[in-house]
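Given next are the chains, with one letter for each unit.
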Amino acid sequence: MNGILIIAHAPLATALRDCALHVFPDCASGVQAVDVLPDEAPEASLTRAQQAMQRLGTEQVLVLSDVFGATPCNVAQKLGDGVTTRLVAGANLPMLLRSVCYRHESLEALATRAQAGGAQ
C-alpha cells in the first residue's frame, strides 16, 4: 500500500490530514503531514519531510503539495526520485480523499486518480 505525504504552507498540511482522518480514521498511519513554517529554512523543512516519509514505512509515496513553485513544493521535489515517489501539486481535500481511497493501486495510477480527484 502506498503512503501519502502532504507538504504545504502551515497549517494546511495538518488541516488536510485531520479532515482525511475524520472521514477515514483508519488511514492515520498511511498519511503524514508536514507544515512548512513561514520563517523556517528550507533545509529544516526537508529534514522534517524526510522523517515523515520514514514514518510512513512504505516503499512508494505519493507526495501532495499546495502551490507549485513555492517552498513546500520545492522541498517536496527534493524528496522524490520519480520512481518510488510521485509529486502532485495543487493539493485539496477531494484530491486527498480520492488518494486515500486508492492507496492500494500502483503509484502511477494513484497519482492519476489524485489529479482527477482534485480537478473534479
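Note that the structure is predicted; figures quoted are calculated from it, not measured.

Reading guide: rules and limits
- Residues numbered from 1 in each chain as written.
- Predicted model: local features only at pLDDT ≥ 70, side-chain atom pairs only at ≥ 80, totals over all residues.
- Heavy atoms only, no water.
- Salt bridge = Lys/Arg side-chain N within 4 Å of Asp/Glu carboxyl O.
- Helix = DSSP H or I, 4+ residues; strand = E, 2+ residues; numbered from the N terminus.
- Buried < 20%, exposed > 50% of the residue type's maximum accessible area, 1.4 Å probe, protein only.
- Phe/Tyr/Trp six-rings, centres within 6.5 Å; stacked < 30°, edge-to-face > 60°.
- Lys NZ or Arg CZ within 6 Å of the ring centre and 35° of its normal.
- Core = buried A, V, L, I, M, F, W, Y, C linked by side-chain atoms within 4.5 Å.
- Contact = heavy atoms within 4.5 Å.
- Polar contact = N/O pair within 3.5 Å; in protein donor to acceptor, adjacent residues only side chain to side chain.

Asker: Explain the pattern of salt bridges to me, and be specific about the residues and the numbers.
Answerer: Taken as a whole, this structure holds three salt bridges when the rule is applied. Glu108 is the salt-bridge partner of Arg86, the closest N and O atoms lying 2.5 Å from each other. In this pair, Arg86 is assigned in strand S4 (residues 85–89) and Glu108 in helix H5 (residues 107–119), connecting sequence segments 22 residues apart. With a relative accessible area of 44%, Glu108 lands in the partly exposed category. Residues Glu105 and Arg113 are paired through a salt bridge, measuring 2.8 Å at the closest nitrogen-oxygen approach.

Asker: Go over the packing of aromatic side chains with me, naming the residues and quoting the values.
Answerer: The final tally for this structure, using the stated rule, is zero aromatic pairs. When the ring centre of Tyr102 is taken as reference, the NZ or CZ atom of Arg113 above it lies at 3.8 Å.

Asker: Explain the nonpolar core to me, using residue names and the numbers behind them.
Answerer: One recurring pattern in soluble globular proteins: nonpolar side chains tend to sit buried together. One finds Ile4, Ile6, Val31, Leu62, Leu64 and Leu96 to be the most contacted residues of the largest nonpolar core, which totals 20 residues. Residue assignment for this core shows that the elements contributing at least two residues are strand S1 (3–9), helix H1 (12–23), strand S3 (61–65), helix H4 (93–101) and H5. Discounting chain neighbours no more than four positions away, the residues touching Ile6 are Ala13, Leu16, Arg17, Val31, Gln32, Ala33, Val34, Leu64 and Leu96.

Asker: Quick rundown of the side chain of Gln32? Include the residues and the values.
Answerer: Looking at where Gln32 falls in the secondary structure, it is placed in strand S2 (residues 31–36). Overall, the relative accessible area of 12% leaves Gln32 in the buried class. Side chain to side chain, Gln32 and Arg55 meet in a polar contact 3.1 Å long. The residues touching Gln32, leaving out its near neighbours within four places in the chain, are Ile4, Leu5, Ile6, Arg17, Ala52, Arg55 and Leu56.

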